[in-house]
Amino acid sequence: MAELPRSPITVLGLGAMGRAFTREFLGGGHPTTVWNRTPGKDGELVAAGAAAAATIGEAVRASRLVVVCLLDHRSVHEALDPVAGALEGRAVVNLTSTTPDEARELAAWAKGHGIDYLDGGIMATPDMIGQPPASLLYSGSRTVFDEHGPALRLLGSADYFGEDAGLASLYDFALLAGMYLMFAGFSHGAAMMRSAGVPAAEFAERAVPWLTAMAQTIPFGTTAVDTGDYTTDVQSLDFNKAAVDAIVRASRDAGVGLDAIAPVKALIDRQVADGHGAESFNRIFEGLKPVSAPPLG
Ligand code: FVH
């Protein structure tokens, strides 16, 4: 039986990500129209079969699905505001990094123009797009996610988090926060080892398996965080305070800056000063969560 023709897709923005998306859509058999603010970035894509639109209006009108991947929230408005009328009745999947509130604002803007809006966060670098580790997080219009899921899965795994257009972005930024703190932690350790002349590459051989093993223990602390019950009979905050104080002393002795580790010490010290030294390390969550957030369980 002959395969049904794939639906046309428009990609707005031919940065590293937009180009990677286009390659995958083309590879999946979708007629793909591309547009970029600055001309000249579509040569390789046109050679691979993409149609180059002369204007953003032409690009938008070419497909019912318009995938947007620009620099930031402001650039999305700068690009889409002038073509809001042409977008009416179409689906916009915005994979530009925006804050949750910016995503919600864009969803409200889209609704006001009769545009079906799905927001997304990309947990991948451009070279990962289309490969198994690439994960894309979506929230907003369920209709768009369901209708265009097969095309979106060409980019990587696709998970949907509900109608709140800001939730995918919240996940995205929360995961990135964890990533940045991990990389800062690695830099701190590498700086300590540099004091003894150990190259970062050699330290990484130890750091990667250690951090990977520690990441596996994260779920053990989630019940405490969700219920607010931090009772423990192992490795209390007092224990962790002694450990982190020793790391701080060792870092000072090695001439290493304390900018990465000092906030961790401050989080522990605050809970200990408030009388929670016998409770578990996860209690530092109480010093971070929004004041208004009650325990979940
Ligand atoms: N690259 C990455 O590793 C990360 C992974 C996680 C998610 N991010 C986000 O993806 C968005 C796009 O990233 P990118 O890597 O494609 O970024 P660039 O290569 O810098 O391309 C930016 C494109 O945006 C266009 N652009 C900028 N401002 C405007 C505007 N006012 N109107 C229209 N288009 C605009 C720019 O066009 P030009 O400069 O070539 O004319 C590029 O096409 C981003 O949110 C990341 O945070 C990527």
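- Named according to an unreviewed UniProt entry, the chain is 6-phosphogluconate dehydrogenase originating from Marinitenerispora sediminis.

Comments concerning the overall build of the chain
1) Next: Each helix and strand counted, the chain has 12 helices and eight strands in total.
2) Next: Evaluated residue by residue, the chain yields a buried proportion of 40% over its 297 residues.
3) Next: Across the chain, the fraction of contacts at a sequence separation of at least 24, relative to all contacts at a separation of at least 6, is 61%.
4) Next: Carbon and sulfur atoms form 60% of the exposed surface of the chain, whose accessible area is close to 16000 Å².
5) Next: The centroid of the 22 positive side-chain charges in the chain is displaced by 3 Å from the centroid of its 34 negative side-chain charges.

Overview of the environment of D42
1) Next: Structurally, D42 is set in the loop between β2 (32-35) and α2 (43-47).
2) Next: Dropping the residues within four chain positions of it, D42 is found in contact with L14, V34 and A52.

Considering helix α6 (residues 100-112)
1) Next: Its 13 residues place the ends of α6 18 Å apart at the C-alpha level, agreeing with the 18 Å of an ideal helix rising 1.5 Å per residue.
2) Next: Along α6, the positions that sit buried rather than exposed are P100, A103, L106, W109 and A110.
3) Next: Buried residues in α6 make contact with α4 (73-80), α5 (84-87), β5 (91-94), β6 (116-123) and α8 (167-194).
4) Next: Among the residues trailing α6, G114 stands out with phi positive, at a value near 70°.

Description of the nonpolar core
1) Next: By size, the foremost hydrophobic cluster in this structure holds 31 residues, and its most contacted members are F21, V93, L95, I122 and Y138.
2) Next: Contributions of two or more residues to this core are made by β1 (9-12), α1 (16-27), β4 (65-68), β5, β6, β7 (135-140), α7 (142-152) and β8 (157-160).
3) Next: Broken down by element, this core gets its largest block of residues, five residues, from α1.
4) Next: If you look at the next biggest cluster of nonpolar residues, it comprises 23 residues, including W35, A59, A84 and A86.

Criteria and thresholds
- Residues numbered from 1 in each chain as written.
- Predicted model: local features only at pLDDT ≥ 70, side-chain atom pairs only at ≥ 80, totals over all residues.
- Heavy atoms only, no water.
- Helix = DSSP H or I, 4+ residues; strand = E, 2+ residues; numbered from the N terminus.
- Buried < 20%, exposed > 50% of the residue type's maximum accessible area, 1.4 Å probe, protein only.
- Contact = heavy atoms within 4.5 Å.
- Areas by Shrake-Rupley, 256 points an atom, 1.4 Å probe, with all protein chains shown as cover.
- Lys, Arg positive; Asp, Glu negative; His and termini not counted.
- Charge placed at Lys NZ, Arg CZ, Asp CG, Glu CD.
- Expected span 1.5 Å × (residues − 1).
- Core = buried A, V, L, I, M, F, W, Y, C linked by side-chain atoms within 4.5 Å.

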